Amino acid sequence: MTYDYDRVASFINSFGKDDEGLLGEIYEKAVSEKIPVIRRETREFLKVLITEKKPMHVLEIGTAVGYSSLYMSNYLPEKAHITTIELDKARAEEAKENIKRLEKSDRITVLTGDASEVLKTLKKGFDFIFIDAAKAQYINYYEEVIKIINDGGMILSDNVLQEGEILESHYLVAKRNRTIHDRMREYLYRIKNDDRMETAIIPIGDGVALSCMK
Ligand SMILES: C[S@@+](CC[C@H](N)C(=O)[O-])C[C@H]1O[C@@H](n2cnc3c(N)ncnc32)[C@H](O)[C@@H]1O
């Protein structure tokens, strides 16, 4: 059977609830300003993962305006902490402001800078890492992420199927997208063939890869 994913997503999302209050406003503002935020069906998946895993130390790569961090904080244990990295200064400032408005400044720390550099400054100890930044960079974050994740930790990488374009051969992809395409394929190959982890690629939202460290 083949099916239209957009119809499936609408069906799945018809069961989900909208965020209430300020978090809902932050989400709507981000969408209206075309700031990329986690898709509704992906966030539901993320919610279930962290509800089951109960990580105490979470790292996010790609904060944007703080929506997904704030969303995750609603489902984490009370004393859990999120560290989130954002390259764009204006977005990082907006994220800090949003976090303050929701009175979560003691639970979420925003680090401003290029994740490739910031990751090198972090110590091992994360139980859950959500990778949601520039797709061509995932391969660069990879070894640094492995150094700082705990044994048994989980890595969720978002947007790995690139709206289906990842399936196309190199030459059928528009020239401007070829680097991202090649690097994401290399990333998927690496995480699927790394003996230190088990990975499943799941076609939800824009595609996620869920990796569990052994
Ligand atoms: C898809 S958005 C993140 C959305 C956010 N996780 C959410 O769902 O609310 C990706 C973000 O990664 C940031 N980004 C891109 N390259 C980065 C890098 N090298 N280091 C840190 N952040 C980066 C972008 O500026 C953008 O805000």
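Owing to the predicted nature of the structure, the values given are computational and were not obtained by experimental measurement.

### What to know about the sheet that holds strand S1 (residues 57-61)
Line of reasoning, step 1. Read from one edge to the other, the open sheet built from 7 strands follows the order S3-S2-S1-S4-S5-S7-S6, with strand pairing classed as mixed. Among the strands making up the open sheet, the edge pair consists of strand S3 (108-112) and strand S6 (197-202). Neighbouring strand axes in the sheet, compared pairwise and without regard to direction, differ in orientation by 15 degrees on average.
Line of reasoning, step 2. When strand S2 (residues 81-86) meets S3, the two strands line up parallel, connected through 5 bridges. Note that in S3 the partner of threonine 83 across the bridge is threonine 109.
Line of reasoning, step 3. Its contacts with the sheet place helix H3 (residues 40-53) against strand S4 (126-131), strand S5 (149-158), S6 and strand S7 (208-213), and it is angled at close to 170 degrees to S5.

### Here we look at empty space enclosed by the protein
The gaps left among the atoms become clear once a water-sized probe is rolled over them.
Line of reasoning, step 1. Following the criterion strictly, the structure yields 1 cavity of 30 Å³ or more and no others.
Line of reasoning, step 2. Quantified by volume, the largest cavity comes out at close to 40 Å³.
Line of reasoning, step 3. In terms of lining, the largest cavity is formed by Ile26, Lys29, Ala30, Val65, Glu94, Asn98 and Arg101.
Line of reasoning, step 4. Here the residues of the lining of the largest cavity are counted per class, giving 3 nonpolar, 1 polar and 3 charged.

### Let's talk about a nonpolar patch on the surface
Line of reasoning, step 1. Where nonpolar side chains cluster on the molecular surface, the patch consists of Phe11, Ile12 and Phe15 and spans about 340 Å² of accessible area.
Line of reasoning, step 2. Structurally, phenylalanine 11 is set in helix H1 (residues 5-13).

### What to know about the packing of helix H2 (residues 21-32) against helix H5 (residues 89-101)
Two measures define how a pair of helices packs: the angle their axes make with one another and the distance between the axes.
Line of reasoning, step 1. In contact at an axis separation of 10 Å, H2 and H5 are set at 160 degrees when each is read in the N-to-C sense. Considering their axes alone, H2 and H5 lie roughly antiparallel with respect to each other. Considering the relative orientation of H2 and H5, their crossing is right-handed. Residues Leu22, Glu25, Ile26 and Lys29 of H2 touch H5, and the partners they reach there are Glu94, Asn98 and Arg101.
Line of reasoning, step 2. Grouping the constituent residues of the contact of H2 with H5 by class yields 2 nonpolar, 1 polar and 4 charged.

### Structural notes on the layout of surface pockets
Line of reasoning, step 1. In this structure, the largest pocket spans a volume of roughly 570 Å³.
Line of reasoning, step 2. Pro36, Gly62, Asp132, Ala133 and Ala134 are the residues nearest the centre of the largest pocket, which is lined by 27 residues in total.
Line of reasoning, step 3. For the lining of the largest pocket, the secondary structure elements donating two or more residues are helix H4 (67-73) and S2.
Line of reasoning, step 4. Volume-wise, the second largest pocket comes out at about 300 Å³.
Line of reasoning, step 5. Along the wall of the second largest pocket there are 16 residues; nearest its centre are Tyr5, Arg39, Glu163, Gly205 and Asp206.
Line of reasoning, step 6. Elements that contribute at least two residues to the lining of the second largest pocket include exactly H1 and H3.
Line of reasoning, step 7. Take the lining of the second largest pocket: its biggest share by element is 4 residues, from H1.
Line of reasoning, step 8. Classifying every residue of the lining of the second largest pocket by side-chain character gives 6 nonpolar, 4 polar and 6 charged.

### Section: the nonpolar core
Line of reasoning, step 1. Core analysis: the biggest nonpolar cluster contains 31 residues, and Leu46, Tyr67, Met72, Leu76, Phe128, Phe130 and Leu156 have the highest contact counts within it.
Line of reasoning, step 2. Of all the elements in the fold, those that place two or more residues in this core are H2, H3, H4, H5, S3, S4, S5 and S7.
Line of reasoning, step 3. When residues no more than four places from it in sequence are discounted, the contact partners of phenylalanine 130 are Ile38, Leu46, Leu59, Glu60, Ile61, Ser68, Met72, Leu156 and Asp158.

### Section: the packing of aromatic side chains
Line of reasoning, step 1. Tallied over the full model, the rule gives 7 aromatic pairs.
Line of reasoning, step 2. Plain terms: the ring middles of tyrosine 142 and tyrosine 187 are 6.0 Å apart, the flat faces sit at 90 degrees to each other, and that makes the pair edge-to-face. One end of the pair, tyrosine 142, is in helix H7 (residues 138-148); the other, tyrosine 187, is in helix H8 (residues 178-192), with 45 residues separating them in the sequence.
Line of reasoning, step 3. Linked through ring pairs, Tyr27, Tyr67, Tyr71 and Tyr75 together constitute an aromatic cluster.
Line of reasoning, step 4. Seen from the ring of tyrosine 27, arginine 43 lies directly overhead, with NZ or CZ sitting 5.1 Å from the centre.

### Description of the pattern of salt bridges
Line of reasoning, step 1. In this structure the tally under the stated criterion is 15 salt bridges.
Line of reasoning, step 2. Members of the salt-bridge network, linked through shared partners, are Glu143, Arg190, Asp194 and Arg196.

So, how was this worked out
Residues numbered from 1 in each chain as written. Predicted model: local features only at pLDDT ≥ 70, side-chain atom pairs only at ≥ 80, totals over all residues. Heavy atoms only, no water. Pairing = 2+ DSSP bridges. Helix = DSSP H or I, 4+ residues; strand = E, 2+ residues; numbered from the N terminus. Axes fitted to C-alpha atoms, helices over the stretch in contact; angles between N-to-C directions. Contact = heavy atoms within 4.5 Å. 1 Å grid on protein atoms, 1.4 Å probe; cavity = no way out; pocket = protein on both sides within 12 Å on 5 of 7 lines; lining within 4 Å. Points joined across faces, edges and corners; volume = space filled by probe spheres on them. Nonpolar A, V, L, I, M, F, W, Y, C, P; charged D, E, K, R; others polar. Patch = residues over 30% accessible without salt bridge, like charges linked within 9 Å, V, L, I, M, F, W, Y side chains within 5 Å. Areas by Shrake-Rupley, 256 points an atom, 1.4 Å probe, with all protein chains shown as cover. Salt bridge = Lys/Arg side-chain N within 4 Å of Asp/Glu carboxyl O. Parallel < 35°, antiparallel > 145°, perpendicular 65-115°, else oblique. Left-handed = near helix turned anticlockwise from the far one by under 90°. Core = buried A, V, L, I, M, F, W, Y, C linked by side-chain atoms within 4.5 Å. Buried < 20%, exposed > 50% of the residue type's maximum accessible area, 1.4 Å probe, protein only. Phe/Tyr/Trp six-rings, centres within 6.5 Å; stacked < 30°, edge-to-face > 60°. Lys NZ or Arg CZ within 6 Å of the ring centre and 35° of its normal.

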